[in-house]
Each structure stands twice: as structure tokens, then as C-alpha cells.
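Examination of the molecular architecture
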Amino acid sequence: MGNCIQMLADQVSLIASANTWIEGLATQQLIKTAELSGMQRVIGMPDLHPGRGYPVGAAFFSQGVLYPALVGSDIGCGMALWQTSLKHHKTSVDKLERKLGNQEQPLEQHWLALIQQRQQQLGLQATAHDQSLGTIGGGNHFAEFQQIDQLYIPAAELPGLDQQRLLLLVHSGSRGLGQQILTSHVEQHNHQGLTDQQPAQAAYRQQHDQALRWAELNRELIARRFLVAIGSEGEPLLDVNHNLVSPFQLHGQTGWLHRKGATPSDQGLVVIPGSRGDYSWLVRPIANPDLLCSLAHGAGRKWKRGDCRQRLSHKYSVNDLRYTRFGSQVICADRELLYDEAPEAYKPASAIMESLQQAGLVEPLARLKPVLTYKTRGECC
DNA sequence: ATGTGC
């Protein structure tokens, strides 16, 4: 139980079971990031993998200095889980695929009233990026229909969750908005942090918080347009950001908790998603302040983006990759992306779950299985 | 990651 939490350096720990592969470069980046001025504690999650300078899948607690570059450009990236009104046995993969069509165009005019209503409710200003609202984006972002594969607790203990209904998991973020916020910060301050005394810190936080609300609205709009497309209704079960910075108290000390690919464990139920060819888990987090109240945000890349096509093209054709071992289908007309997001490019989700369970951080509630993963209809490469 | 860079 205890040995799944490794101490890498003073105040730097890594949550990883014996079965969980962590790349050396990622731990190097983790230790390096811990040396930033004001950094008090750093926790690597089991899905830790190398990023651009800073690792992905980690939580960083600092005092006196806030680091926008640690949050990265996709501020507010997160996971929303919706329950549809459609029973999974009443539909089929092919039917869903046909009904979905292309969901990447800007939202039609009739969505404007809802968008404006939500903007008002959220205190969200109009931005130059609002035409991207309701779009998934690229990279590891997706919208995925899933079904409950297994329940770990009696159904009666999960009121509101219906085993028969199709679920919709949306992974997206703040698109160009977060990118623009980080870029303008880096233009002025490079990768330097912002001290509590600098007005620029408050200015960043204000923009950051807008990006969180924008990203949450984006996931809601994606979910709603997918529901409309399949002729279903639905309701949100959860929405949790995994790229953000927020005020945090560690042992009575106030500071900044940066989460970069780290899911909060102090905000209710969350999904720990696997790759498109793997299970995801709905879990009840058990918050642990020493581990910065954070969890893995997914399976974690095993292979670098851009390497995957070379590694896998001798083994799988494009057609092979359109389906998974579950018989689920993948909508991804972008060949490069189809390989980059292949299940084999990711660590097994079971290892991530094992790590979190051994660390006493989650109670699994349900195992979810992919039915249809939507990436992009647009051709590329 | 990116209403993407050559």
C-alpha cells in the first residue's frame, strides 16, 4: 500500500504502483519544476508524462508566486459527464455514427440565446473566440458515448444514475482563448511566475477564471449539440477542470495549487478516463491534502505525439484503428491524429486506477466502456 | 493545446 507513493526529492512525491510505467524525462521535469522559486510541494500523478518543459499529470503547490506557464495554454481543460435519455440497447454504434454527422462547425444561430443566457449566469464576457464555443478542438480532446460496464456498489447508492442509459463524456478546454491568455503572459513575463504583490497576478487570475467558465460552457454546449444530434435529452452528472490554478491551504499555509493534468479530489465525483480503447472509471475521490487533493486526469501518454504513426503503421491500418477491442467506433478522419491517439499510445488505465486505489485516493463506483468516440470528420495529413 | 506553420 505505502510503496506506491515514491519520494523523488524533498517535497516531491510520485503516485505510481509497481505496474505503472513512468518515463524518466517526466520525473526529471517534475524534480526540475520543484526547484522553481516559492515551490513548496510537488506531486506526480500515475499518468505523469513529459510536457514542454513542465510535466503533464502533476500538482504543484507554491507560496507567494503563481506560475501561469505551469497551467499551460489549455486553461480549464477538463471532463464533463452527461447522462443521456437514450438506453444503450435501443441504439447501435452505426445508428449513432450516422446521426452524428459533422459536429465541428460553429454552432448555428439558434444556440445564441442559450449562449448569452449562460454568459450572463457565469459572469462571462464575450470574447474574440466565441465562435469556437461548442467545438471539441484537436489533440487529445474528444466526445465519447459510453455505457456502464460494471457497477461496484449497489445501484440504489447511485441515485440518478441509470445503468441502461448511454453516457456522454466530453473532454475539451478553452481552445484559442486559453492559448491567447498564456501567450500574452509569456510575451510580457517569459516563464517567470507572478508574485502576490504584482498586479499582473490578479490580472492573470481574472483572465484564467474567465477561461475556466468559458471551457465549462464549451463542454456543456458540446454535450448539448451531441444530444440534439442523436435526438436525445440528457443531464450533466459532473464537470471537473484538470488544468487550473486555485488558492489552496496546505497545513494552514496559504498558497497556489497548480494542476496540470491533475483532477481535483475535493470537488465531488470524477471520471478517470482511459484511452478510446480502454475503460474509464467513475470514482468517488478521497481527498488527501498531503497529495494536494489531486488525482490522475487520464491514462497518460506512453508515446510522444508524432511518434505514434511510425510505431504503429506497420501493425495497424487506418481501418484497424477505426474500431477498438470493445467494438466501439472512432470517428477520426485525421490520419496522424488517429495514430497519435491510438490506445497503444497510452498507458493501461488499469495501472492508473491501481495506483490511485493503492494510494487510498479513490473509491471506484462504476466502470465505463466506450461505444463511440468522436474526434474529427476533417481530413488532414 | 492552437479558428496551427512551411
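In the nomenclature of an unreviewed UniProt entry, chain A corresponds to 3'-phosphate/5'-hydroxy nucleic acid ligase from the organism Parathalassolituus penaei. The UniProt entry for chain A carries the following comment under Catalytic activity (unreviewed entry): "a 3'-end 3'-phospho-ribonucleotide-RNA + a 5'-end dephospho-ribonucleoside-RNA + GTP = a ribonucleotidyl-ribonucleotide-RNA + GMP + diphosphate".

A few words on the UniProt feature "binding site: Mn(2+) 1" (unreviewed entry) in chain A. Under the present numbering, the feature "binding site: Mn(2+) 1" (unreviewed entry) in UniProt falls on Asp74 and His141. Across 68 residues, the annotated set stays spatially compact, with a maximum C-alpha separation of 10.8 Å. By the element assignment, Asp74 lies in the loop between helix 2 (68-71) and strand 6 (78-87). Overall, the relative accessible area of 16% leaves Asp74 in the buried class. Apart from the residues lying within four places of it in its own chain, the contact partners of Asp74 are His141, Gly173, Ser174, Arg175 and Asn243. Reaching out from Asp74, the side chain makes a polar contact with the side chain of His141 at a distance of 2.8 Å. With respect to the helices and strands, the residue His141 is situated in the loop between helix 4 (112-122) and strand 7 (142-151). Accessibility expressed as a relative area gives 8% for His141, which makes it buried. Once residues lying within four places of it in the same chain are set aside, the contact partners of His141 are Asp74, Cys77, Ile136, His171, Ser172, Gly173 and Lys375.

On to the UniProt feature "active site" (unreviewed entry) in chain A. When the UniProt feature table is mapped onto this chain, "active site" (unreviewed entry) is found at His297. Looking at the secondary structure, you find His297 in the loop between strand 16 (294-296) and helix 7 (308-312). The exposure class assigned to His297 is buried, which follows from its relative accessible area of 11%. Leaving out residues up to four positions away in the same chain, His297 has contacts with Asp47, Val56, Met79, His242, Gly261, Ala262, Thr263 and Pro273. Within the structure, His297 has its side chain in polar contact with the side chain of Asp47 (distance 2.5 Å).

This paragraph deals with the packing of helix 4 against helix 6 (residues 199-230). Packed helices, taken two at a time, are described by their axes: the angle between them and the distance between them. Helix 6 packs onto helix 4 with a crossing angle of 150 degrees between their chain directions and a minimal axis gap of 11 Å. In terms of their interaxial angle, helix 4 and helix 6 are classed as roughly antiparallel. The handedness of the crossing between helix 4 and helix 6 is right-handed. Residues Leu114, Ile115, Arg118, Gln119 and Leu122 of helix 4 pack against Arg213, Leu217, Glu220, Leu221 and Arg224 of helix 6. Per-class residue counts for the contact of helix 4 with helix 6 are five nonpolar, one polar and four charged.

Let us look at the pairing of strand 11 (residues 243-250). Counted residue by residue, strand 11 has six buried out of eight residues, so it is predominantly covered. Note that strand 11 and strand 12 (residues 253-260) share eight bridges and pair antiparallel. Following the sheet pairing, Gln249 is matched in strand 12 by Thr254. The hairpin formed by strand 11 and strand 12 contains two residues between the paired strands, and His251 there has a positive phi angle of roughly 50 degrees.

Glancing now at the protein's contact with DNA strand B. Taken together, 13 residues form the shell around DNA strand B, and within it Arg52, Gln131, Gly138, Asn140 and Gly176 come nearest. Take Gln131: an N or O atom from its side chain is 2.4 Å from a base nitrogen of DNA strand B. For DNA strand B, a base oxygen lies 3.1 Å from a polar atom in the side chain of Gln179. Tallied by class, residues from the surface near DNA strand B come to one nonpolar, nine polar and three charged.

For the second largest pocket, the calculated volume is near 230 Å³. If you go around the second largest pocket, you meet 17 residues; those closest to its centre are Gly277, Arg325, Ala342, Pro343 and Glu344. Residues of the lining of the second largest pocket, tallied by class, amount to eight nonpolar, three polar and six charged.

A few words on the pattern of salt bridges. Tallied over the entire structure, the rule returns 15 salt bridges. Taking the shortest distance from any N to any O, the salt bridge between Arg213 and Glu216 comes out at 3.0 Å. Residue Arg213 and its partner Glu216 are both found in helix 6; the two are separated by three residues, about one turn of the helix. You can call Arg213 partly exposed: its relative accessible area is 26%. Within this structure, Arg118, Glu220 and Arg224 form a network of salt bridges that share partners.

Bringing the sheet that holds strand 2 (residues 12-15) into the picture now. Read from one edge of the open sheet, six strands run 1-2-3-4-12-11, paired in mixed fashion. For this open sheet the edge positions go to strand 1 (5-9) and strand 11, each flanked by a neighbour on one side alone. Strand-to-strand twist of the sheet, defined as the mean angle between neighbouring strand axes without regard to direction, takes the value 20 degrees.

Its place among the elements puts Thr135 in the loop between helix 4 and strand 7. In this structure Thr135 comes out as buried when scored by relative accessible area, which is 7%. A polar side-chain atom of Thr135 sits 2.5 Å from the main-chain carbonyl oxygen of Ser132. A polar side-chain atom of Thr135 sits 3.1 Å from a polar atom in the side chain of Arg175. Non-local contacts of Thr135, meaning those with residues more than four positions away in its chain, are made with Glu104, Gln105, Ser172, Arg175, Asn218, Ile222 and Arg225.

Reading the values: the criteria
- Residues numbered from 1 in each chain as written.
- Chains lettered and ligands numbered in written order.
- Predicted model: local features only at pLDDT ≥ 70, side-chain atom pairs only at ≥ 80, totals over all residues.
- Heavy atoms only, no water.
- UniProt positions renumbered as here; feature names shortened; annotations may be inferred.
- Helix = DSSP H or I, 4+ residues; strand = E, 2+ residues; numbered from the N terminus.
- Buried < 20%, exposed > 50% of the residue type's maximum accessible area, 1.4 Å probe, protein only.
- Contact = heavy atoms within 4.5 Å.
- Polar contact = N/O pair within 3.5 Å; in protein donor to acceptor, adjacent residues only side chain to side chain.
- Axes fitted to C-alpha atoms, helices over the stretch in contact; angles between N-to-C directions.
- Parallel < 35°, antiparallel > 145°, perpendicular 65-115°, else oblique.
- Left-handed = near helix turned anticlockwise from the far one by under 90°.
- Nonpolar A, V, L, I, M, F, W, Y, C, P; charged D, E, K, R; others polar.
- Pairing = 2+ DSSP bridges.
- Near = heavy atom within 4 Å.
- 1 Å grid on protein atoms, 1.4 Å probe; cavity = no way out; pocket = protein on both sides within 12 Å on 5 of 7 lines; lining within 4 Å.
- Points joined across faces, edges and corners; volume = space filled by probe spheres on them.
- Salt bridge = Lys/Arg side-chain N within 4 Å of Asp/Glu carboxyl O.

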